[in-house]
Amino acid sequence: MTAGTRTRLPGLVLVSPLLLILLFAFIAPALLMVPLSLREYVPGSGISANWTLANYTSIVTDEYFREVVVRTLVLGFGVTAICLLLGYPLAYFIAHSGPTMRLTLTMLVIFPMLLNLVVRSFGWIALLANRGLINNLLIDVGLIERPIRMMFNLFGLLVGMSHIFLPFMVLMLVPAIQAIPKDVQSAAYTLAASRLRVFWSITLPMSAPGILSGSILVFVLTISALVTPRMLGGPTYKVMATLIYDDFLQTLDWPAGAAMSFALTALTMLVIGVSSRLMKRWGGQA
Amino acid sequence: MNEERSRFGILGIAAFGVVAFLQIPVLVVVLAAFSKTAYLTIPPKGLTLHWFEVVLRDSEYLGAAWTSLWLATAATAAALVLGLLAAYAIHRRMVPFAASLTGLMMAPLILPSVVLGVALLQYYTLTGMRGNSVGLWLAHVVITVPYVVRACLSSLTAVDESLEDAARVLGADGFTSFRLVTLPLVKPGLVAGGLFAFITSLDNVPVSVFLLSASQTTLPVKIFTSVEQGVDPSVAAVSTLLIVATGVVLLLAERWTGFHKHV
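Residues numbered from 1 in each chain as written. Chains lettered and ligands numbered in written order. Predicted model: local features only at pLDDT ≥ 70, side-chain atom pairs only at ≥ 80, totals over all residues.

**Overview of the overall build of chain A**
- Within chain A, the regular secondary structure consists of 13 helices and two strands.
- Relative to a compact globule of 286 residues, whose C-alpha radius of gyration would be 19 Å, chain A shows 24 Å and is clearly more extended.
- Considered along the principal axes of its C-alpha atoms, chain A spans approximately 80 × 75 × 35 Å.
- Out of the 286 residues belonging to chain A, those deemed buried represent 41%.
- Residue pairs at least 24 apart in sequence account for 69% of intrachain contacts in chain A once pairs closer than 6 positions are excluded. (Helix = DSSP H or I, 4+ residues; strand = E, 2+ residues; numbered from the N terminus. Rg over C-alpha atoms; globule rule 2.2 N^0.38 Å. Buried ≥ 20, exposed ≤ 12 C-beta atoms within 10 Å, placed from the backbone. Contact = placed C-beta atoms within 7 Å.)

Below you can see the structure in the form of structure tokens.
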């Protein structure tokens, strides 16, 4: 008993400074959003003292809110699919190349990831804007007469966000592909399986855990991103995160923003929860 | 054999294509910074260093850069100390509910940053801390500490606990044995975690944008808000300076600790 208290006390001393900060600047603010999201907002006069569920119900009933939620999900699935399609060949190549090539390519994948997010998004603005690089090039060559709109729409957000989250996907896929025992593939070749057959029935299914965890990560990062959707989508083409941003800084409808925040958090929790269940089941089978 | 090589070639071309795609916006930003025209063309119509001069003389940019660096340094320092202490206590099972505690410390990674940002905005408004630098610093400690805790926990797993016990048997007290035995062994993880924390703080917009006072701004928030008023090549010049700084830091970190192994 005395031994227990003797080891517990310094333990609590070591943990408590961080715990106090998390309690003060993380848990308390998050909990205080609950009452805020249940307040009524009166345009013109602000947040009233009345309680209401309308902030939550309108996310489902209001056509505009529904459109924003659906758009956010479409973006999440689209970016995840693009990252998988572009990331898998690169990850496969990195996993099967020699040490020097592997290090060089890994550094080239990590570098844009470490670069300031605002800078990367700005790079896409310079490329995709009406007077951006791509439109100028196409006009100079004579392929088009007027600039093609590539920003403030789904296309711009898909391209920009796929670029930004691709490194995460590659970094999750490389170890998963490397972990596949070479013997299994060689055995299949010995049994006269074609390359395509080996890929479809061995490499792809055996890297499934990496594919799943990479996809979850990219999906969650995409639906909760604020900076890139705001910079490439502008104030008009909104997703859930940019809607929350405007609720709190522009329209000042804080209760609606708080409810939308919980909806976004619930979505990410749901995706993470379901996927970790899936992972456990797969882990049990292996 | 020939067939195999050609297929490898196609895969190689695809891989290099994707790597090139990853660098395109970076190259474009650098190109834009040296361009004489306000909008980009290929080839660029004339090269100039004018925009760098504009940026380096702009007191707003310099002030923002200074704020960013200070904030990132202070947040990383706090996250390193508090994160290492907490991770050590959790790893050596000195506290109950170790798994839940770890979960709590990692939770800021899962919560969308914009949600934490608006939650803190309301909270600091209620407690009268809106626009307060200490509040901003605490917020950055919260978002950077998961990286440090994660790096420390994984480094500590690799440390043989009996080494520290041996030091104690030889007469060292708890703190001395930690400082002389465990600390040097977890240093690479600490450096990697600290670097991630620093970059995360330096990169952050979704939390900072809600908490900054009217008179101060960080570099990414300044770029983020100035883009809404139209694209100006000086933004490209600032960005280029950041790109160069990031590249140098990445190379140094790689030589120092084999950074890519910790990503």
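Next comes the rest of the account.
**Some details on the overall build of chain B**
- Along the backbone of chain B there are 11 helices and zero strands.
- N-terminal to C-terminal, the α/β element order of chain B is α-α-α-α-α-α-α-α-α-α-α.
- Counting only C-alpha atoms, chain B reaches 70 × 70 × 30 Å along its principal axes.
- Expressed as a percentage of the 263 residues in chain B, the buried residues total 45%.
- Sequence-distant contacts, at least 24 apart, represent 73% of the contacts inside chain B between residues at least 6 apart.

**Quick word on the interface of chain B and chain A**
- Listed per partner, the contact involves 68 residues of chain B and 73 residues of chain A.
- Secondary-structure elements contributing two or more residues to the side of chain B that touches chain A are α1 (2–33), α3 (59–91), α4 (98–110), α5 (113–126), α6 (133–157), α8 (174–203), α10 (219–228) and α11 (233–257) of chain B.
- Among the elements that take part in the side of chain B that touches chain A, α1 of chain B stands out by supplying 15 residues, more than any other.

**Thoughts on the nonpolar core**
- Ranked by size, the top nonpolar core spans 155 residues in total, and within it Met240 of chain A together with Val29, Ala86, Leu120 and Val148 of chain B carry the most contacts.
- With 15 residues, α3 of chain B is the single largest residue contributor to this core.
- For this core, the two domains that each supply at least three residues are domain 1 (1–48) and domain 2 (58–262) of chain B.
- Setting aside its immediate chain neighbours within four residues, Val29 of chain B contacts Val119, Phe122, Gly123 and Ala126 of chain A together with Ala236, Ser239, Thr240 and Ile243 of chain B. (Core = buried A, V, L, I, M, F, W, Y, C linked by C-beta atoms within 7 Å. Domains from an automatic or database assignment.)

**A look at the confidence of the model for chain A**
- The pLDDT averaged across chain A works out to 89; a share of 95% of its residues lies at or above 70.
- When the criterion is pLDDT under 50, residues 1–6 of chain A qualifies, and its contacts beyond four places in sequence or with other chains add up to zero contacts. (pLDDT = per-residue confidence, 0-100.)

**As for the domain arrangement of chain B**
All names here are of chain B.
- Domain boundaries in chain B define domain 1 (1–48) and domain 2 (58–262).
- Centre-to-centre separation of domain 1 and domain 2, based on C-alpha positions: 32 Å.
- Tallying the contact residues gives seven residues for domain 1 and six residues for domain 2.

**Considerations on the packing of helix α5 (residues 117–128) of chain A against helix α7 (residues 154–178) of chain A**
All names here are of chain A.
- Packing of α5 against α7 leaves a shortest axis separation of 10 Å and a crossing angle of 140°. When the axes of α5 and α7 are compared, the pair comes out oblique. In this structure, α5 crosses over α7, and the sense of that crossing is right-handed. Between α5, through Leu117, Arg120, Ser121, Trp124 and Leu128, and α7, the contact on the second element is made entirely by Gly156, Val159, Gly160, His163 and Ile164. (Axes fitted to C-alpha atoms, helices over the stretch in contact; angles between N-to-C directions. Parallel < 35°, antiparallel > 145°, perpendicular 65-115°, else oblique. Left-handed = near helix turned anticlockwise from the far one by under 90°.)

**What about the packing of helix α3 (residues 63–95) of chain A against helix α10 (residues 208–224) of chain A?**
Residues and elements named next belong to chain A.
- In contact at an axis separation of 8 Å, α3 and α10 are set at 140° when each is read in the N-to-C sense. Considering the angle they form, α3 stands oblique to α10. Of the two possible hands of crossing, α3 and α10 adopt the one that is right-handed. Judged by residue contacts, Thr72, Leu75, Gly76, Val79, Thr80, Cys83 and Leu84 of α3 engage Ile211, Ser215, Val218, Phe219, Thr222 and Ile223 from α10.
- Partitioning the contact of α3 with α10 into residue classes produces eight nonpolar, five polar and no charged. (Nonpolar A, V, L, I, M, F, W, Y, C, P; charged D, E, K, R; others polar.)

**Digging into helix α4 (residues 99–114) of chain A**
Residue and element names in this part refer to chain A.
- Over its 16 residues, α4 runs 22 Å from end to end, which matches the ideal 22 Å to within 8%, given 1.5 Å per residue.
- Every buried residue belonging to α4 is among Leu105, Val109, Pro112 and Met113, and all of these are buried. All buried residues of α4 project into a common sector of 120° when viewed along the axis, lining one side. Among the exposed residues of α4, those oriented more than 90 degrees off its buried face are Pro99 and Thr100. (Expected span 1.5 Å × (residues − 1). Arc of directions from axis to C-beta.)

**Remarks on unusual backbone geometry**
- One non-glycine residue, Phe152 of chain A, adopts positive backbone phi at about 60°.
- In this structure, Phe152 of chain A sits in the loop between α6 (133–141) and α7.
- With phi around 55°, Phe97 of chain B is a residue other than glycine that occupies positive phi space.
- Looking at the element boundaries, Phe97 of chain B is found in the loop between α3 and α4.

**Thoughts on the confidence of the model for chain B**
Residues and elements named next belong to chain B.
- For chain B, the average pLDDT comes to 87, and 91% of its residues sit at 70 or higher.
- The model gives residues 1–6 a pLDDT under 50, and that stretch makes zero contacts with residues more than four places away or in other chains.
- Among the prediction metrics, the complex's ipTM stands at 0.90, with pTM recorded as 0.89.

**Some thoughts on the pairing of strand β1 (residues 39–42) of chain A**
Residue and element names in this part refer to chain A.
- Residues Arg39 and Tyr41 of β1 are buried on one face, while the alternating residues Glu40 and Val42, pointing to the opposite face, are not.
- Sheet analysis places β1 next to strand β2 (residues 46–51), joined by three bridges and oriented antiparallel. Following the sheet pairing, Val42 is matched in β2 by Gly46.
- Counted along the chain from β1 to the antiparallel partner β2, the turn is three residues long, and its residue Gly44 has a positive phi close to 100°. (Pairing = 2+ DSSP bridges.)

**Concerning the environment of Ala25 of chain A**
- Position of Ala25 of chain A among the secondary structure elements: in helix α1 (residues 2–37).
- Beyond its immediate chain neighbours, meaning those up to four positions away, Ala25 of chain A contacts Leu120, Leu138, Ala139 and Val142 of chain B.

**Brief notes about the environment of Val30 of chain B**
All names here are of chain B.
- Its location among the elements puts Val30 in helix α1.
- Between the alpha carbons of Val30 and Ala237 there is a distance of 7.3 Å; along the sequence they are 207 residues apart.
- For Val30, the residues in contact, after removing those within four places along its chain, are Thr240 and Ile243.

**Some words on the environment of Ala74 of chain B**
- Relative to the assigned elements, Ala74 of chain B resides in helix α3.
- Between the C-alpha atoms of Ala74 of chain B and Tyr61 of chain B, which are 13 residues apart in sequence, the distance is 20 Å.

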